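Geometric and topological summary
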Amino acid sequence: MPELPEVETARSLIADEALNRLIVDVDDGDTFVCRPHSPGELRDALTGRTLTAAHRRGKAMWCETSGVGRSQVSGPDLGIHLGMGGRIVVTSQDGQAAEGGGPRRRDAQPRKAEWDRFTLNFADGGSLVLFDKRRLGRVRLNPDIDALGPDAATVTPAEFRTLITKGSIAVKARLLDQSRIAGVGNLLADEILWKAKVSPEAPTSSLQRKDADRLYRALGAALESAIAKGGVHTGDVIAARRPGGTCPRCGAEMRHGTVGGRSTWWCSREQPGRA
Ligand SMILES: [Zn+2]
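Below is a summary of the structure that appears in this document.

Parameters at a glance
- Residues numbered from 1 in each chain as written.
- Predicted model: local features only at pLDDT ≥ 70, side-chain atom pairs only at ≥ 80, totals over all residues.
- Heavy atoms only, no water.
- Helix = DSSP H or I, 4+ residues; strand = E, 2+ residues; numbered from the N terminus.
- Rg over C-alpha atoms; globule rule 2.2 N^0.38 Å.
- Buried < 20%, exposed > 50% of the residue type's maximum accessible area, 1.4 Å probe, protein only.
- Contact = heavy atoms within 4.5 Å.
- Areas by Shrake-Rupley, 256 points an atom, 1.4 Å probe, with all protein chains shown as cover.
- Lys, Arg positive; Asp, Glu negative; His and termini not counted.
- Charge placed at Lys NZ, Arg CZ, Asp CG, Glu CD.
- Axes fitted to C-alpha atoms, helices over the stretch in contact; angles between N-to-C directions.
- Parallel < 35°, antiparallel > 145°, perpendicular 65-115°, else oblique.
- Left-handed = near helix turned anticlockwise from the far one by under 90°.
- Nonpolar A, V, L, I, M, F, W, Y, C, P; charged D, E, K, R; others polar.
- Core = buried A, V, L, I, M, F, W, Y, C linked by side-chain atoms within 4.5 Å.
- Pairing = 2+ DSSP bridges.

Below, the discussion takes up the overall build of the chain. Along the chain, the regular secondary structure elements total six helices and 11 strands. By the compact-globule yardstick of 19 Å for 275 residues, the chain fits well, its C-alpha radius of gyration being 20 Å. Taken along the three principal axes of its C-alpha coordinates, the chain extends 60 × 40 × 30 Å. Within the chain, buried positions represent 49% of all 275 residues. The long-range share in the chain, meaning contacts at least 24 apart out of those at least 6 apart in sequence, stands at 63%. Total accessible area on the chain stands at roughly 12900 Å², and carbon and sulfur atoms take up 48% of it. In the chain, the 40 positive side-chain charges and the 34 negative ones have mean positions that sit 7 Å from each other.

In structure tokens:
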């Protein structure tokens, strides 16, 4: 599932390839992905405009739009959420397609037209498509971004320390809470906790300042590496998240359980928690 690094590759693709291209038509016929909008509503709102900027907070992405024609009054924001496996495909004027949203699985089937859930067609003949086989992505105007906590890539050490130590729930559950800190999903959370040598089950109230600071540094390092390498699946501990897996740092057996409602793997030696 796309986490912050995957969404960032989609955002930067839009920023690099899709801005300032005139939108001449919109396929918004998928009423589930485009809910609550009715068919034609997104088309009417976006035709004649261009995308002018691409933003991201956590896993949420949105684009600013221009006025129509010579109007200086900008249009609505176009929110795009990749859901559980959506990808952005931007096609250039000469038909070259580029994808963003994380790596394609090795066993991925070729793109089928019916999995294109939303399309902006540009005047130059190119397009921007939300390709989403599982149909769990979402496209909507003026999405509510304020419900999200600060972005995991830009949160300050002081903000993070407060967010990660407040209350008394499992630290992994806190890392996954998008209203507290936006962008960390299941794999990234396991990677961060492993890097910082903190048990996923450790109560937030038990974390010392040094633990919080170690988690903050682990968050930064994990994000930087995943963005550079193309996704959270490249993390150091991810391949060990399997039965019989051993810690890539100390060689101890990996332990498995459900924490924060999610399948969780951690090092039995370096991340000791509840027995
Ligand atoms: Zn270990």
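Still to come is the rest of the account.
Where helix 5 (residues 186-196) contacts helix 6 (residues 209-229), the axes come no closer than 8 Å and their chain directions differ by 125°. In terms of their interaxial angle, helix 5 and helix 6 are classed as oblique. As helix 5 runs across helix 6, the sense of the crossing is right-handed. Where helix 5 abuts helix 6, its residues Leu188, Glu191, Ile192, Leu193, Lys195 and Ala196 lie against Arg214, Leu215, Ala218, Leu219, Ala221, Ala222 and Leu223. Here the residues of the contact of helix 5 with helix 6 are counted per class, giving 10 nonpolar, no polar and three charged.

On to the nonpolar core. Ile14, Leu51, Leu78, Ile88, Phe118, Leu120 and Leu128 are the most contacted members of the largest nonpolar core, which totals 29 residues. Ranked by the residues each element gives to this core, the list is headed by helix 1 (residues 4-17), at four residues. Apart from residues no more than four positions distant in its own chain, leucine 51 is found in contact with Ile14, Ala18, Leu19, Asn20, Ile23, Cys63, Glu64, Thr65, Leu78, Leu120 and Leu128. Core analysis: the next-biggest nonpolar cluster, separate from the first, contains 27 residues, Phe160, Ile192, Ala202 and Val232 among them.

Residue alternation in strand 9 (residues 138-141) divides its side chains into a buried set, Val139 and Leu141, and an unburied set, Arg138 and Arg140. Pairing geometry for strand 4 (residues 78-81) and strand 9, over four bridges, is antiparallel. Residue glycine 79 lies in a different strand from strand 9, and its bridge partner there is arginine 140.

With that out of the way, let us pick up the packing of helix 3 (residues 157-165) against helix 6. Contact pair helix 3 / helix 6: the axes reach a minimum separation of 9 Å and the direction vectors enclose 115°. Between helix 3 and helix 6 lies a crossing of right-handed hand. Side by side, helix 3 and helix 6 meet where Pro157, Phe160, Arg161, Ile164 and Thr165 of the first sit next to Arg209, Ala212, Asp213, Leu215, Tyr216 and Leu219 of the second. Grouping the constituent residues of the contact of helix 3 with helix 6 by class yields seven nonpolar, one polar and three charged.

Right, let's get into the environment of alanine 53. Tracing the sequence through the fold places alanine 53 in strand 2 (residues 51-57). Overall, alanine 53 belongs to the buried group, its relative accessible area being 17%. With 39 residues separating them in the primary sequence, alanine 53 and isoleucine 14 have C-alpha atoms 8.4 Å apart. Those residues in contact with alanine 53 that sit more than four places away from it in its chain are Leu19, Trp62, Cys63 and Glu64.

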